[in-house]
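# A look at the structure
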Amino acid sequence: QLQLVESGGGLVQPGGSLRLSCAPSGFTLDYYAIAWFRQAPGKEREGVSCISSGGGDTSYAVSLKGRFTISRDNAKNTVYLQMNSLKPEDTAVYYCAADTHVYCPTFAKDLTEYDYWGQGTQVTVSS
């Protein structure tokens, strides 16, 4: 059974930070580009960030540049999303997704191209 598992979500105050993790079950991430998406209640799922299989290329939603950082540690078979200066509007369920062929600069164009998705982790930013 090939799965992705997100972790690290929780409740944080505005201005705080969280680090999300995405780890596979049943396969290695070495050959996959990994993207993060998020979905708030009543809204469409939106792209957050993407990192290429080798880690050399990254993409971010314009509104998140400078606050969020994506990285990967293939030795640990894990991808991370560091989220700083969190705002209430960042509240959402965050998902990671994997695909061997996704092009990070356009990673949010077609969500159906991703081979695997996690179940999501809740991030709530509130006082």
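Notes on the structure in this doc start here. Because the structure is predicted, anything quoted here is derived from the model rather than measured. (Residues numbered from 1 in each chain as written. Predicted model: local features only at pLDDT ≥ 70, side-chain atom pairs only at ≥ 80, totals over all residues. Heavy atoms only, no water.)

### Observations regarding the side chain of Asp99
By secondary structure assignment, the location of Asp99 is in strand 9 (residues 92-99). It is Arg72 that comes nearest to the buried, bridge-free Asp99 among opposite-charge side chains, at 11 Å. Separated by 2.9 Å, the side chain of Asp99 and the backbone nitrogen of Val102 make a polar contact. Not counting chain neighbours up to four residues away, the residues in contact with Asp99 comprise Tyr32, Ala33, Glu113, Tyr114 and Asp115. (Helix = DSSP H or I, 4+ residues; strand = E, 2+ residues; numbered from the N terminus. Buried < 20%, exposed > 50% of the residue type's maximum accessible area, 1.4 Å probe, protein only. Lys, Arg positive; Asp, Glu negative; His and termini not counted. Salt bridge = Lys/Arg side-chain N within 4 Å of Asp/Glu carboxyl O. Polar contact = N/O pair within 3.5 Å; in protein donor to acceptor, adjacent residues only side chain to side chain. Contact = heavy atoms within 4.5 Å.)

### What to know about the environment of Tyr95
Examined against the element boundaries, Tyr95 turns out to sit in strand 9. Residues Tyr95 and Arg38 lie 57 residues apart in sequence; the distance between their C-alpha atoms is 5.9 Å. Non-local contacts of Tyr95, meaning those with residues more than four positions away in its chain, are made with Glu6, Ala35, Trp36, Phe37, Gln39, Arg45, Trp117, Gly118, Gln119 and Gly120.

### Looking at the sheet that holds strand 8 (residues 78-83)
Remark on secondary structure: sheet strands pair via backbone hydrogen bonds, oriented parallel or antiparallel. Read from one edge of the open sheet, 4 strands run 1-3-8-7, paired in antiparallel fashion. Both outer strands of the open sheet, strand 1 (3-7) and strand 7 (68-73), are each paired with one neighbouring strand and no more. Between one strand axis and the next, the sheet turns by 20 degrees as a mean value, whatever way the strands run. The pairing of strand 3 (residues 18-25) with strand 8 spans 5 bridges and is classified as antiparallel. Directly across from Arg19, in strand 8, lies its bridge partner Gln82. (Pairing = 2+ DSSP bridges. Axes fitted to C-alpha atoms, helices over the stretch in contact; angles between N-to-C directions.)

### As for the packing of aromatic side chains
Enumeration according to the criterion identifies 7 aromatic pairs in this entry. Taken together, a centroid distance of 5.7 Å and an interplanar angle of 70 degrees make the contact between Tyr114 and Trp117 edge-to-face. Its relative accessible area of 6% is what places Tyr114 among the buried residues. Taken together, Phe37, Phe107, Tyr114 and Trp117 form an aromatic cluster joined through their ring pairs. Here the guanidinium or amino end of Arg45 rests over the ring plane of Tyr95, the centre of that ring lying 3.7 Å away. Here the guanidinium or amino end of Arg45 rests over the ring plane of Trp117, the centre of that ring lying 5.1 Å away. (Phe/Tyr/Trp six-rings, centres within 6.5 Å; stacked < 30°, edge-to-face > 60°. Lys NZ or Arg CZ within 6 Å of the ring centre and 35° of its normal.)

### Remarks on the pairing of strand 9
Here strand 9 lies mainly inside the structure; 8 of its 8 residues are buried. Strand direction decides the pairing type here: strand 4 (residues 33-39) and strand 9, joined by 7 bridges, are antiparallel. Residue pairing across strands places Ala35 opposite Ala97, the latter belonging to strand 9. Pairing of strand 9 with strand 11 (residues 121-125) involves 3 bridges; the strand directions are antiparallel. Opposite Ala92, over in strand 11, you have Val123 as the bridge partner. In this sheet, strand 10 (residues 116-117) lies alongside strand 9 in antiparallel orientation, the contact comprising 2 bridges. Bridging from a neighbouring strand, Ala98 pairs with Tyr116 of strand 10.

Nothing here speaks to function; it is geometry throughout.
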